[in-house]
Amino acid sequence: MMKKNIKHIAAMALLIVFAALALGSGATAQPLQTDRGILHVVVPPPDRPYDVLSLVFATLVKKTDAHGQIIEITSNEGILQMLLREAHRLGAHDIVNVRVSTHTERTGRGSLRQTREVTTGSAMAIRYRN
């Protein structure tokens, strides 16, 4: 009877150890890629007629290390400012229907981990008639 109890206790201890290892490894696992997007439906003033000039696009890339320190960034401007600047180059006064999408990718492990975040944006460039 005592041998059965010892075997039962040993089996339960092993089960607890494996369960703890499984939970511990799951807690540190991070997704390799994530995506998120936002649509801003911006309506121009109803009393101001406008012409649509073109679609404008902008991309912002930011790389960070395991400690969150920025390694490389393509621009210090935000994506909306980049879209407005691109629209201004076309002679536009404003942008509407802004879409922003961010794709995050993680590579490496531990102190070698790097995160690359690519934010892309698009908008419709408009020019007011008056």
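Our structure's up above, just so we're on the same page.
First things first, this report covers the structure right here in the doc. What you see is a predicted model, and the numbers here were worked out from it, not measured in a lab.

Thoughts on the overall build of the protein chain
(1) Moving on: Helix and strand counts for the protein chain stand at two helices and five strands.
(2) Moving on: Going residue by residue from the N terminus, the α and β elements of the protein chain occur as α-β-β-β-α-β-β.
(3) Moving on: Considering the protein chain as a whole, with its 130 residues, one finds that 21% of them fall into the buried category.
(4) Moving on: The long-range fraction of contacts in the protein chain, counting pairs at least 24 apart against all pairs at least 6 apart in sequence, stands at 69%.
(5) Moving on: When the accessible surface of the protein chain is summed, it comes to about 9,600 Å², and 59% of that surface belongs to carbon and sulfur atoms.

A few points about the packing of aromatic side chains
(1) Moving on: Evaluation of the coordinates by the stated rule reveals zero aromatic pairs.
(2) Moving on: The ring of Tyr128 is capped by Arg48, whose NZ or CZ atom sits 3.9 Å from the centre of that ring.

Thoughts on the pairing of strand β3 (residues 70-73)
Every other side chain in a regular strand lies on the same face of the sheet, so the side chains alternate between the two faces.
(1) Moving on: Note: strand β2 (residues 50-64) against β3, three bridges, orientation antiparallel. By the bridge assignment for β3, Thr64 is matched with Ile70.

Quick word on a nonpolar patch on the surface
(1) Moving on: A cluster of nonpolar side chains, Leu39, Val41 and Val43, forms an exposed patch at the surface whose accessible area comes to about 310 Å².
(2) Moving on: Inspection of the secondary structure puts Leu39 in strand β1 (residues 33-40).
(3) Moving on: Taking relative accessible area as the criterion, Leu39 reaches 47% and is therefore assigned partly exposed.

Brief notes about the side chain of Thr115
(1) Moving on: Relative to the helices and strands, Thr115 resides in strand β5 (residues 114-128).
(2) Moving on: For Thr115, a relative accessible area of 15% puts it in the buried group.
(3) Moving on: Contact partners of Thr115, with chain neighbours within four places excluded, come to Lys62, Lys63, Thr64, Thr104, Glu105 and Arg106.

Observations concerning the pattern of salt bridges
(1) Moving on: For the coordinates displayed, the defined rule picks out four salt bridges.
(2) Moving on: For Glu77, the salt bridge is made with Arg85, and the minimal N-O distance between the two is 2.2 Å.
(3) Moving on: Here Glu86 and Arg89 are joined by a salt bridge, their closest N and O atoms 2.6 Å apart. Residue Glu86 and its partner Arg89 are located together in helix α2 (residues 79-89), separated by three residues, close to a single helical turn.
(4) Moving on: Classification of Glu86 by relative accessible area gives partly exposed; the value is 27%.

Each value, and the rule that gives it
Residues numbered from 1 in each chain as written. Predicted model: local features only at pLDDT ≥ 70, side-chain atom pairs only at ≥ 80, totals over all residues. Heavy atoms only, no water. Helix = DSSP H or I, 4+ residues; strand = E, 2+ residues; numbered from the N terminus. Buried < 20%, exposed > 50% of the residue type's maximum accessible area, 1.4 Å probe, protein only. Contact = heavy atoms within 4.5 Å. Areas by Shrake-Rupley, 256 points an atom, 1.4 Å probe, with all protein chains shown as cover. Phe/Tyr/Trp six-rings, centres within 6.5 Å; stacked < 30°, edge-to-face > 60°. Lys NZ or Arg CZ within 6 Å of the ring centre and 35° of its normal. Pairing = 2+ DSSP bridges. Patch = residues over 30% accessible without salt bridge, like charges linked within 9 Å, V, L, I, M, F, W, Y side chains within 5 Å. Salt bridge = Lys/Arg side-chain N within 4 Å of Asp/Glu carboxyl O.

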